[in-house]
Amino acid sequence: MTTATIEVKRTTHSRLKEVDFNNLGFGNHISDHMLIANYKKGEWHQPQIMPFGEILMTPAILSLHYGQSVFEGMKAFKNNNGEISIFRPQLHHQRLLKSLARMCMPAISEELFIESLCALIATDIDWVPATEGSALYLRPVIFATESKLGVKISDEYKFVVLSSPVGPYFAKPVRVKVEDTYVRAAEGSTGFAKCAGNYGGAFYPTQLAKEQGFDQVLWTDARDHKYIDESGAMNVMFVLDGKLVTPQLTSSILDGVTRNSLLALAKDMGMPTEERKISVAELKEGFEKGTLTEAFGVGTAAVVSTIAIINIAGKDYSLPADSNSSFQQRVKKKLHDIRMGNEPDTHNWNFNVPLK
Ligand SMILES: *Cc1c(COP(=O)(O)O)cnc(C)c1O
């Protein structure tokens, strides 16, 4: 299959003019078109691109009842030469395969995945923002569509790709609370998969934390609440004793592409890195000794989300104020420069979208 063979039904009512590209926010606008491919009788069928809108399904589709639904989130950028590239789609695809396998859902080939992204971007090319710091967010989602009430693995699925122009993320530094009651995922569970249920289950403890004045929870291991897992729906990193330290991957931690990229850039920048268990007690000691100098969440949406305060067992601990010379700001700038073509893409992370 090639992009040229994906059928496109174009909208006659583009919503592009309704969008204020100087004030995008995150996920507020969905581009004119969507891509849909159906899985039936053991195989994926030819995708189609059509106007974004409602699709007809029964309320008995299995994903609604039993949760077979997984997604991805990545970004496409217009660089300084006007080229459009997707950031590391192959790695996102590899993660998608792990999520699909964990949920007993059919694999999607890298070819179908990347061709679909490219074809949708080519169709909605005018939706790719050119403003500094903006991007086209890509949201592939796969969900069970067989209409049946019995508990079973679905025989039918839809692969849908949506896209959304998103602006620069000017998040203010966040207050996070070390969660010692609820869990996001236990070892052996689905934490490493980007599956819908992980997020639904995280809403309630996050809501409680918000009522207590925090922005996010810092998830800890399910067994003892002793070790750090993630922060909200982002991986978490610390600068401790001058080293970049992040929890080692386990089955309860999502293997973030941003995490992976920032670890590689840290090595390029000569910053020592450690992927290992990080205990809550170690963080507390780092605050008390002044050796914990930075904490931040990392993910596709914000790239870096500065943590200002960590609440441990009811007590607020403050990080030093973030500045332009902090590691998190330097590594964020480096990643941005690679994506924009200001710095050589030595790791081959930018996947160029072929445009006619
Ligand atoms: C998507 C996600 C991340 C970040 O992954 P990226 O590939 O960097 O966007 C981290 N944690 C959770 C739970 C996520 O869903």
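Okay, so let's go over this structure. (Residues numbered from 1 in each chain as written. Predicted model: local features only at pLDDT ≥ 70, side-chain atom pairs only at ≥ 80, totals over all residues. Heavy atoms only, no water.)

Re the environment of Asn-352
Topologically, Asn-352 is positioned in strand 19 (residues 350-352). Distance in space between the C-alpha atoms of Asn-352 and Leu-263 is 23 Å, their sequence separation being 89 residues. Residues within four places of Asn-352 in sequence aside, it is in contact with Glu-83, Ile-84 and Ser-85. (Helix = DSSP H or I, 4+ residues; strand = E, 2+ residues; numbered from the N terminus. Contact = heavy atoms within 4.5 Å.)

A closer look at the environment of Ser-85
Tracing the backbone shows Ser-85 in strand 7 (residues 84-87). With 255 residues separating them in the primary sequence, Ser-85 and Met-340 have C-alpha atoms 9.2 Å apart. When sequence neighbours within four positions are dropped, the list of residues in contact with Ser-85 reads Lys-75, Ala-76, Phe-77, Arg-339, Asn-350, Phe-351, Asn-352 and Val-353.

Quick notes on the packing of helix 5 (residues 257-268) against helix 7 (residues 327-340)
Two numbers describe how helix 5 lies on helix 7: the axes approach to 10 Å, and their chain directions differ by 100°. Between helix 5 and helix 7, the interaxial angle falls into the category roughly perpendicular. On the side of helix 5, the interface is formed by Leu-262, Leu-265, Ala-266 and Asp-268, while helix 7 contributes Phe-327, Val-331, Lys-334, Leu-335 and Ile-338. Here the residues of the contact of helix 5 with helix 7 are counted per class, giving seven nonpolar, no polar and two charged. (Axes fitted to C-alpha atoms, helices over the stretch in contact; angles between N-to-C directions. Parallel < 35°, antiparallel > 145°, perpendicular 65-115°, else oblique. Nonpolar A, V, L, I, M, F, W, Y, C, P; charged D, E, K, R; others polar.)

Some remarks on the packing of aromatic side chains
The full count for this structure, using the stated rule, is nine aromatic pairs. Centre to centre, the rings of Phe-26 and Tyr-137 are 4.9 Å apart; their planes meet at 65°, and the pair counts as edge-to-face. Remark: Tyr-137 occurs in strand 8 (residues 135-144) and Phe-26 occurs in the loop between strand 1 (7-8) and strand 2 (33-40); sequence separation between them is 111 residues. Phe-26 gets classed as partly exposed once you look at its relative accessible area, which sits at 31%. Take Tyr-137: its relative accessible area is 10%, and that puts it in the buried class. Aromatic side chains Phe-287 and Tyr-317 sit 5.2 Å apart centroid to centroid with 25° between the ring planes, which places their arrangement in the stacked category. Of this pair, Phe-287 sits in helix 6 (residues 280-289) while Tyr-317 sits in strand 18 (residues 315-318), and the two are 30 residues apart along the sequence. Residue Phe-287 is classed as buried on the basis of its relative accessible area of 14%. Overall, the relative accessible area of 8% leaves Tyr-317 in the buried class. Ring pairs connect the aromatic residues Tyr-39, Trp-44, Phe-113, Tyr-157 and Phe-159, which therefore count as one cluster. (Phe/Tyr/Trp six-rings, centres within 6.5 Å; stacked < 30°, edge-to-face > 60°. Buried < 20%, exposed > 50% of the residue type's maximum accessible area, 1.4 Å probe, protein only.)

What about the nonpolar core?
Ranked by size, the top nonpolar core spans 39 residues in total, and within it Trp-44, Ile-86, Ile-121, Ile-142 and Phe-159 carry the most contacts. At the level of secondary structure, the elements contributing two or more residues to this core comprise strand 2, strand 6 (74-78), strand 7, helix 2 (89-102), helix 3 (110-123), strand 8 and strand 9 (157-166). A per-element tally of this core places helix 3 first, with eight residues. Beyond its immediate sequence surroundings of up to four residues, Ile-121 is in contact with Ala-76, Ile-84, Ile-86, Val-128, Leu-136, Leu-138 and Val-353. (Core = buried A, V, L, I, M, F, W, Y, C linked by side-chain atoms within 4.5 Å.)

Here's the deal with the pairing of strand 13 (residues 235-240)
Across the six residues of strand 13, six count as buried, placing the element largely inside the fold. Alternating positions in strand 13 separate into two faces, Asn-235, Met-237 and Val-239 on one and Val-236, Phe-238 and Leu-240 on the other, with burial throughout.

Comments concerning helix 3
With 14 residues, helix 3 should cover 20 Å at 1.5 Å per step; its first-to-last C-alpha distance of 20 Å lies within 8% of that length. Most of helix 3 is tucked away, with 11 of its 14 residues classed as buried. Within helix 3, the full set of buried residues consists of Leu-112, Phe-113, Ile-114, Glu-115, Ser-116, Leu-117, Cys-118, Ala-119, Leu-120, Ile-121 and Thr-123. (Expected span 1.5 Å × (residues − 1).)

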